[in-house]
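Now for the letters of each chain:
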Amino acid sequence: MPYAVKQIIIGIFFGGIAVLGTEYGVDVGGAAANARDSAPLCAGLIFGGPAGIIAGIIGGVERWFAVLWGVGAYSRVACSVSTALAGIYAALLHKHMFDNKKPSWIIGLAIGVVMEVIHLTILFLTHLSDSETAFTIVKIVTEPMIIVNSVAVALSLI
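Residues numbered from 1 in each chain as written. Predicted model: local features only at pLDDT ≥ 70, side-chain atom pairs only at ≥ 80, totals over all residues. Heavy atoms only, no water.

Our focus in this paragraph is the packing of helix H2 (residues 38-47) against helix H3 (residues 49-65). Between H2 and H3, the least distance of the axes is 6 Å, while the angle of their chain directions is 170 degrees. In terms of orientation, H2 lies roughly antiparallel with respect to H3. Contacts between H2 and H3 involve Pro40, Ala43, Gly44 and Phe47 on the former and, on the latter, Gly49, Ala51, Gly52, Ala55 and Gly56. For the contact of H2 with H3, the residue count by class is 5 nonpolar, 4 polar and no charged. (Axes fitted to C-alpha atoms, helices over the stretch in contact; angles between N-to-C directions. Helix = DSSP H or I, 4+ residues; strand = E, 2+ residues; numbered from the N terminus. Parallel < 35°, antiparallel > 145°, perpendicular 65-115°, else oblique. Contact = heavy atoms within 4.5 Å. Nonpolar A, V, L, I, M, F, W, Y, C, P; charged D, E, K, R; others polar.)

Dropping the structure here:
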């Protein structure tokens, strides 16, 4: 099977996993605590940049529209951007840091932690006019999202 076709199939598959991460997330004051970012991270780190970017775009676009059926409107922008960014981040790491090789599980754990810190920082920054609510949400979801997403990436790399 050609490389491009493989990347598209894997990207779509992991994009579907990102969608499931959104849909099975937990509402926290208008934001969705979830495991969505781990899918594009895994796709990009394990299978290659294009797969990660495709998965990130699918997950991010679906997250944007998920408010139409009741998923956290408060975090719409931050979550959509962060999911797409997770795919790009994994793609860049896979190519430039790991020379197209799969990283170790411990590095994957650290990558998951860094991505979630970026994600939650974006959530806070997109709500500076309402920083008290943003801080409260970030404070509530930080620990579970970092644990779930980073452990998911680490386990996938094992």
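Next comes the rest of the account.
Moving on to helix H5 (residues 105-125). Between the first and last C-alpha of H5 there are 30 Å, a value that for 21 residues agrees with the 30 Å anticipated at 1.5 Å per step. Those residues of H5 that are buried lie in contact with H2, helix H4 (76-97) and helix H6 (131-157). (Expected span 1.5 Å × (residues − 1).)

A few words now on the packing of helix H1 (residues 3-23) against H2. At their nearest, the axes of H1 and H2 sit 8 Å apart, and the two run at 155 degrees to each other. As the angle between them shows, H1 and H2 are arranged roughly antiparallel. In this structure, the crossing between H1 and H2 has a hand that is right-handed. Mapping the contact onto sequence places Gln7, Ile10, Phe14, Ile17 and Ala18 in H1 and Ala39, Pro40, Cys42, Ala43 and Phe47 in H2. For the contact of H1 with H2, the class distribution of residues is 9 nonpolar, 1 polar and no charged. (Left-handed = near helix turned anticlockwise from the far one by under 90°.)

Secondary-structure assignment places phenylalanine 14 in helix H1. For phenylalanine 14, a relative accessible area of 13% translates into the label buried. Linking phenylalanine 14 and valine 81, residues 67 residues apart in sequence, is a C-alpha distance of 17 Å. The contact partners of phenylalanine 14, leaving out residues within four places of it in the chain, are Ala39, Cys42, Ala43, Phe47 and Ala55. (Buried < 20%, exposed > 50% of the residue type's maximum accessible area, 1.4 Å probe, protein only.)

Moving on, we get to the nonpolar core. In this structure, Phe14, Leu41, Leu45, Ile111 and Val153 are the most contacted members of the largest nonpolar core, which totals 18 residues. Take this core: its biggest share by element is 5 residues, from H2. Counting residues in hydrophobic clusters, the runner-up holds 13 residues, among them Val28, Ile122, Ala134 and Met145. (Core = buried A, V, L, I, M, F, W, Y, C linked by side-chain atoms within 4.5 Å.)

Now for the side chain of serine 80. Residue placement: serine 80 occurs in helix H4. Since its relative accessible area comes to 9%, serine 80 is described here as buried. From its side chain, serine 80 meets the backbone oxygen of arginine 76 in a polar contact 2.8 Å long. In contact with serine 80, not counting residues within four places along its chain, are Gly60, Arg63 and Trp64. (Polar contact = N/O pair within 3.5 Å; in protein donor to acceptor, adjacent residues only side chain to side chain.)

In this description, an aromatic ring pair is defined by two values, namely the gap between the centres and the angle between the planes. Applying the stated criterion across every chain yields a total of 2 aromatic pairs. Between phenylalanine 13 and phenylalanine 14, the ring centres sit 5.5 Å apart and the planes meet at 85 degrees, which makes this aromatic pair edge-to-face. Aromatic side chains phenylalanine 14 and phenylalanine 47 sit 5.7 Å apart centroid to centroid with 50 degrees between the ring planes, which places their arrangement in the tilted category. Of this pair, phenylalanine 14 sits in helix H1 while phenylalanine 47 is found in helix H2, placing the two residues 33 residues apart along the sequence. (Phe/Tyr/Trp six-rings, centres within 6.5 Å; stacked < 30°, edge-to-face > 60°.)

Bringing the side chain of serine 38 into the picture now. Assignment of secondary structure puts serine 38 in helix H2. Looking at serine 38, its side chain comes within polar contact range of the main-chain oxygen of alanine 35, at 2.9 Å. In this structure, serine 38 is in contact with Asn149, Ala152 and Val153, ignoring residues within four places of it in sequence.

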